[in-house]
Amino acid sequence: MTIFYEDLAVGQVEEFGEYEVTEAELLSFAEQYDPQWFHVDKERSEEESMYGGLITSGWHTASMTMRMLVDHHFSEAASLGAKGLHELRWRVPVEPGDVLSVRVEVLEKETETDSRGTVLSETKTLNQDGDAVMTMVSEVMYARRDGE
């Protein structure tokens, strides 16, 4: 079933995903994209960082979130892409062994043309304890059901 603009309602909430953060993936991502010492140097991060060990890059957390969004929503949606983010916050460090999930709430909808509308949503990435590790507000375009 394809999810069109009309299928989304303000106040609608979806919760999904289960993504286990591994040390190997954390290191691989950080070494390629964000090689700051508290992401790539296990010994130093355990001894010197305020986190007491390795933490993911915020960009890695955003990428894992995007993967869950695609797997559980956008693969079924008539999405036309995003216009951008209104805000992105990394709230709690993500560590190896954490298991992440996603909660998305539709905040606003705006019909743009006969063929598309824009949906403003708040996405919270949660850890296994229910703590929001990342939040973002995004603006995504969806095709309208009868606007093809």
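Please read all numbers here as calculations on a predicted model, not as lab measurements.

In spatial order, the strands read E1-E3-E4-E5-E2; together these five strands make up an open sheet with antiparallel pairing. Among the strands making up the open sheet, the edge pair consists of strand E1 (13-20) and strand E2 (79-90). Each adjacent strand pair in this sheet contributes to an overall mean axis angle of 25°, direction not counted. Pairing of E2 with strand E5 (residues 132-143) involves nine bridges; the strand directions are antiparallel. Each residue of the ladder has a partner; that of Leu-85, found in E5, is Ser-138. Its contacts with the sheet place helix H4 (residues 58-72) against E1, E2, strand E3 (99-111), strand E4 (116-126) and E5, and it is angled at close to 120° to E1.

This next bit is on the packing of helix H1 (residues 23-33) against H4. Close contact between H1 and H4 brings their axes to 10 Å; oriented N to C, the two are set at 115°. Handedness of the H1/H4 crossing: right-handed. The residues of H4 that touch H1, namely those facing Glu-25, Leu-26 and Phe-29, are Trp-59, His-60, Ser-63 and Met-64. Of the residues contributing to the contact of H1 with H4, the split by class is four nonpolar, two polar and one charged.

This part takes up the pattern of salt bridges. For the structure on display, the rule yields nine salt bridges. Between Glu-23 and Lys-42 there is a salt bridge, with its nearest N and O atoms 3.3 Å apart. On the criterion of sequence distance, the pair formed by Glu-23 in helix H1 and Lys-42 in helix H3 (residues 42-48) is long-range, its members being 19 residues apart. For Glu-23, a relative accessible area of 29% gives the class partly exposed. Owing to a relative accessible area of 38%, Lys-42 belongs among the partly exposed residues under this scheme. Note that Asp-71 and Arg-67 form a salt bridge whose closest N and O atoms lie 3.1 Å from each other.

This part takes up the environment of Thr-111. Inspection of the secondary structure assignment puts Thr-111 in strand E3. Put simply, Thr-111 and Arg-145 are 34 residues apart on the chain and 12 Å apart in space, counted from C-alpha to C-alpha.

By size, the foremost hydrophobic cluster in this structure holds 24 residues, and its most contacted members are Leu-69, Leu-100 and Tyr-142. A total of five residues in this core trace back to one element, the largest contributor, which is E5. Once residues lying within four places of it in the same chain are set aside, the contact partners of Leu-69 are Phe-16, Phe-74, Val-102, Val-104 and Met-136.

Right, let's get into H4. Counted at 1.5 Å a residue, the expected span for H4 with its 15 residues is 21 Å, and the 21 Å between its end C-alpha atoms agrees. Taken together, the buried positions of H4 are Gly-58, His-60, Thr-61, Ala-62, Met-64, Thr-65, Met-68 and Leu-69. On its buried face, H4 is in contact with E1, H1, E2, E3, E4 and E5. Where H4 begins, one side-chain oxygen reaches toward the backbone nitrogen of Trp-59, 3.1 Å away; that side chain belongs to Ser-57.

Analysis parameters
Residues numbered from 1 in each chain as written. Predicted model: local features only at pLDDT ≥ 70, side-chain atom pairs only at ≥ 80, totals over all residues. Heavy atoms only, no water. Pairing = 2+ DSSP bridges. Helix = DSSP H or I, 4+ residues; strand = E, 2+ residues; numbered from the N terminus. Axes fitted to C-alpha atoms, helices over the stretch in contact; angles between N-to-C directions. Contact = heavy atoms within 4.5 Å. Left-handed = near helix turned anticlockwise from the far one by under 90°. Nonpolar A, V, L, I, M, F, W, Y, C, P; charged D, E, K, R; others polar. Salt bridge = Lys/Arg side-chain N within 4 Å of Asp/Glu carboxyl O. Buried < 20%, exposed > 50% of the residue type's maximum accessible area, 1.4 Å probe, protein only. Core = buried A, V, L, I, M, F, W, Y, C linked by side-chain atoms within 4.5 Å. Expected span 1.5 Å × (residues − 1). Polar contact = N/O pair within 3.5 Å; in protein donor to acceptor, adjacent residues only side chain to side chain.

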